[in-house]
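Observations on the three-dimensional arrangement
Spelled out, the chains give:
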Protein chains: 2
Amino acid sequence: MTSATDSRAHDAEVSAALRARGGRVTSQRLILHRALRELDRHATAEELLRVASERLPNLSLPTVYATLELFEELGVVRRVAVGSGPVLWDPRPEPHQHFACRRCGRILDLDVRVRAGAAIEAARAAGHAPDGAQLLVMGLCDACSRDT
Amino acid sequence: MTSATDSRAHDAEVSAALRARGGRVTSQRLILHRALRELDRHATAEELLRVASERLPNLSLPTVYATLELFEELGVVRRVAVGSGPVLWDPRPEPHQHFACRRCGRILDLDVRVRAGAAIEAARAAGHAPDGAQLLVMGLCDACSRDT
DNA sequence: GTCGCTGCAAAGTATTTGCATAGCC
DNA sequence: GGCTATGCAAATACTTTGCAGCGAC
């Protein structure tokens, strides 16, 4: 559960991160950040617009996209692309991976850590500067595999 | 290098897979399969259309999409989604992972195996029927990290 | 001959861009 | 006050759908 105290503490956190980047602290950004934290699950840009619009009615989709990209850079959200349907934005801070159902398209969390060290090391050895990794497991979900 | 003999052998392979699925063996499918194998790297649907069109001028984009999806089901290609830009289709049969540059958007191969067993096991434990997994490492590529 | 596959055109969805204004620092 | 961020509208990029005709089996 997210309390008002938590919100304020997290506001301060993002604000600091934004300023450190030379960015500005706007109500759009703070409200999107809260919406993301309170949802606590991957959401599309449209979903976030809907939720955040309740608090800031004129919020626009381009702003949502721009803000999400900024947050990604700040490490506040992770972009999760599946290949069918829109990109998802995941605010969960704990390391976890995703499962994508090939039939119904649902994306589900897998609460498991994966040793991606070898892959990150390989990237570094190839001269790149990796800053994150994510695993996507695919197949049929619980429900879809039952009514094949 | 791909010889004419290889092509014929691989044609037979896909043909068998297609028939086993109850699908038909069409020139579009065979030519797309060859184009994929000969490229031997991830390509977009448009790129494949361009390459394959040289041999089959009336080939259409909807057919390319449909065929790639079919091939994915047959295990001939892997869908690689990055979240910016179009989906890539990867024909490389050897297990490998990908690196995506956040700045220039390039997707590069990492020739490394990852132990995804734990994640696949977690998916199965949650009741799903996983059939594959892929790791995406992100960051700045070789070139982009140099001219920051 | 049947039924799945294809091509064409069109629609649909997701995301980005251009530009004038608002508002943080 | 300067310069970034926003909102609006429009454009673009990618992918899917509908349907009539062709061709594999």
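One can find the structure itself at the top, above this paragraph.
Now for a look at the structure at hand. (Residues numbered from 1 in each chain as written. Chains lettered and ligands numbered in written order. Predicted model: local features only at pLDDT ≥ 70, side-chain atom pairs only at ≥ 80, totals over all residues. Heavy atoms only, no water.)

Attention now moves to the overall build of chain A. The helix and strand inventory of chain A stands at six helices and five strands. The N-to-C order of helical and strand elements in chain A reads α-α-α-α-β-β-β-β-α-β-α. Its C-alpha atoms put chain A at 45 × 45 × 30 Å along the principal axes. Within chain A, the fraction of its 148 residues that count as buried is 41%. Considering only residue pairs separated by 6 or more positions, chain A has 49% of its internal contacts joining residues 24 or more positions apart. Carbon and sulfur atoms make up 50% of the accessible area of chain A, which totals about 7,900 Å². With 20 positive and 19 negative side-chain charges, chain A shows a spacing of 2 Å between the two charge centroids. (Helix = DSSP H or I, 4+ residues; strand = E, 2+ residues; numbered from the N terminus. Buried < 20%, exposed > 50% of the residue type's maximum accessible area, 1.4 Å probe, protein only. Contact = heavy atoms within 4.5 Å. Areas by Shrake-Rupley, 256 points an atom, 1.4 Å probe, with all protein chains shown as cover. Lys, Arg positive; Asp, Glu negative; His and termini not counted. Charge placed at Lys NZ, Arg CZ, Asp CG, Glu CD.)

Time to look at the pairing of strand 3 (residues 97-101) of chain B. All names here are of chain B. Burial runs high along strand 3: five of the five residues are buried. What you see with strand 3 is no split at all: Gln-97, Phe-99 and Cys-101 on one side and His-98 and Ala-100 on the other are buried throughout. One ladder, built from four bridges, connects strand 3 with strand 4 (residues 107-110); its direction is antiparallel. Following the sheet pairing, Phe-99 is matched in strand 4 by Leu-108. Here strand 3 hands over to strand 4 after five residues, with Gly-105 in that stretch at a positive phi of 85°. As defined by bridge partners, strand 3 adjoins strand 5 (residues 129-140) across four bridges and the pair is classed as parallel. Opposite Phe-99, over in strand 5, you have Val-137 as the bridge partner. (Pairing = 2+ DSSP bridges.)

A few words on the pattern of salt bridges. Residue and element names in this part refer to chain A. Summed over the entire model, instances satisfying the criterion amount to 25 salt bridges over all chains. Between Asp-11 and Arg-34 there is a salt bridge, with the nearest N and O atoms lying 2.5 Å from each other. Taken as a pair, Asp-11 in helix 1 (residues 4-20) and Arg-34 in helix 2 (residues 27-39) lie far apart in primary sequence, 23 residues in all. Given the relative accessible area of 11%, Asp-11 is considered buried. (Salt bridge = Lys/Arg side-chain N within 4 Å of Asp/Glu carboxyl O.)

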